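Residue-level listing of the chains:
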Amino acid sequence: MSVIDKVSSRDAALEEAFGDVELAELYAQAARGEASAALYRALELRSFLAVAEEQVARVRDRVHAATDPDGDMGDLSAEDLRWDAQWLDAALAGRDGCTAALDEVLRTMPPPSQAGPARAALNPKIAATPPPAPAAHRAGAAPTRRP
């Protein structure tokens, strides 16, 4: 399933911030290159958020299944629950970071009526010349050992 089809907790706020435009249309604008920089960033963060929230739900459901009152106590594993607690902690941290970043983008962007035209510079381009090599890799530089 595409991340576009996944639900996130900030979908309504995202749609409202961009003039009550449905999420599918916002993604379509981005695909056509008609989106503002703020919309590109918001959609990217929303995609990360949808995946993070899916992971939180998976771990939550796994813990609920493992601790079901009607379940076999012989199947309980403290080690598995410790791993799930660590994974849940990581998934929640990811979700919280994505939510905070998305909220910040939505809070600081200009209103839809003041948004400028889409920036073509957001499309990646291949540079004609490569960037200069780091000093350690230039001719005559002594190689450094890494542990």
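The residue numbers shown here count from 1 along each chain, following its written sequence. With pLDDT at 70 or above as the cut-off, local features in this predicted model cover only qualifying residues; side-chain atom pairs require 80 or more to be listed or tallied, and sums for whole chains, interfaces and linings still use all residues. Note that the side-chain values use all heavy atoms of the structure and ignore hydrogens as well as water.

S.K.: Give me the lowdown on the overall build of the protein chain, citing residues and values where you can.
M.R.: Regarding its fold elements, the protein chain presents four helices and zero strands. Beginning at the N terminus, the succession of helices and strands in the protein chain can be written as α-α-α-α. Here the protein chain, with 147 residues, has 24% of them falling under the buried criterion. Residues count as neighbours in contact if any of their non-hydrogen atoms are within 4.5 Å of one another. Considering only residue pairs separated by 6 or more positions, the protein chain has 67% of its internal contacts joining residues 24 or more positions apart. Per-residue accessibility takes into account occlusion by the displayed protein chains alone, with areas from the Shrake-Rupley method and a 1.4 Å probe. Of the roughly 10500 Å² of accessible surface on the protein chain, a fraction of 57% belongs to carbon and sulfur atoms. Starting at the N terminus, helices and strands are each numbered in turn, a helix being any DSSP run of H or I of at least four residues and a strand any DSSP run of E of at least two. Throughout, exposure labels follow a simple rule: accessible area from a 1.4 Å probe, protein chains only, divided by the maximum for the residue type, with under 20% read as buried, over 50% as exposed, and the rest as partly exposed.

S.K.: So what's going on with the nonpolar core? Residues and values would help.
M.R.: Among the buried residues, those of types Ala, Val, Leu, Ile, Met, Phe, Trp, Tyr and Cys that are joined through side-chain atoms within 4.5 Å form a nonpolar core. In this structure, L14, F18, L26, A42, L43, L102 and L106 are the most contacted members of the largest nonpolar core, which totals 19 residues. Listing elements by their share of this core, those giving two or more residues are α1 (11–17), α2 (23–32), α3 (37–66) and α4 (78–108). Among the elements that take part in this core, α3 stands out by supplying six residues, more than any other. With residues up to four places along the chain from it excluded, the contact list for A42 reads L14, F18, L102, V105 and L106.

S.K.: With reference to specific residues and values, describe the confidence of the model for the protein chain.
M.R.: The quantity called pLDDT is the predictor's confidence in a given residue, expressed from 0 to 100. Of all residues in the protein chain, 75% attain a pLDDT of 70 or more, and the chain-wide mean is 82. Note that pLDDT drops below 50 for residues 117–131; the model gives that stretch nine contacts with residues more than four away or on any other chain. Within the model, pLDDT remains below 50 along residues 136–141, and this stretch shows five contacts once partners closer than five positions in the same chain are excluded.

S.K.: Before we move on, could you go through the side chain of S47 and cite the residues and values that matter?
M.R.: By secondary structure assignment, the location of S47 is in helix α3. The contacts of S47, once residues within four sequence positions are left out, are V3 and Y27.

S.K.: Mind laying out the packing of α3 against α4, listing which residues take part and the relevant values?
M.R.: A pair of packed helices is characterised by two quantities: the angle between their axes and the separation of those axes. In this analysis an axis means a line fitted to C-alpha atoms, helices contributing only their contacting stretch, and an angle means the value between N-to-C directions, from 0 to 180 degrees. Where α3 meets α4, the closest approach of the two axes is 8 Å, and the angle between their N-to-C directions is 155°. When the interaxial angle is binned, α3 and α4 end up roughly antiparallel. Note that α3 runs across α4; the crossing there is left-handed. Looking at the contact of α3 with α4, its residues break down into 20 nonpolar, three polar and five charged. Angle categories are assigned with fixed cut-offs, so that under 35 degrees is roughly parallel, over 145 is roughly antiparallel, 65 to 115 is roughly perpendicular, and the rest are oblique. When the near helix sits turned anticlockwise from the far one by under a right angle, the crossing is termed left-handed; a clockwise turn instead gives a right-handed crossing. For this classification, Asp, Glu, Lys and Arg are treated as charged, while Ala, Val, Leu, Ile, Met, Phe, Trp, Tyr, Cys and Pro are nonpolar and the rest, including Gly, are polar.

S.K.: Please set out unusual backbone geometry residue by residue, giving values where relevant.
M.R.: Within the chain, D20 stands out as a residue other than glycine whose phi angle is a positive 55°. Mapped onto the elements, D20 comes out in the loop between α1 and α2.

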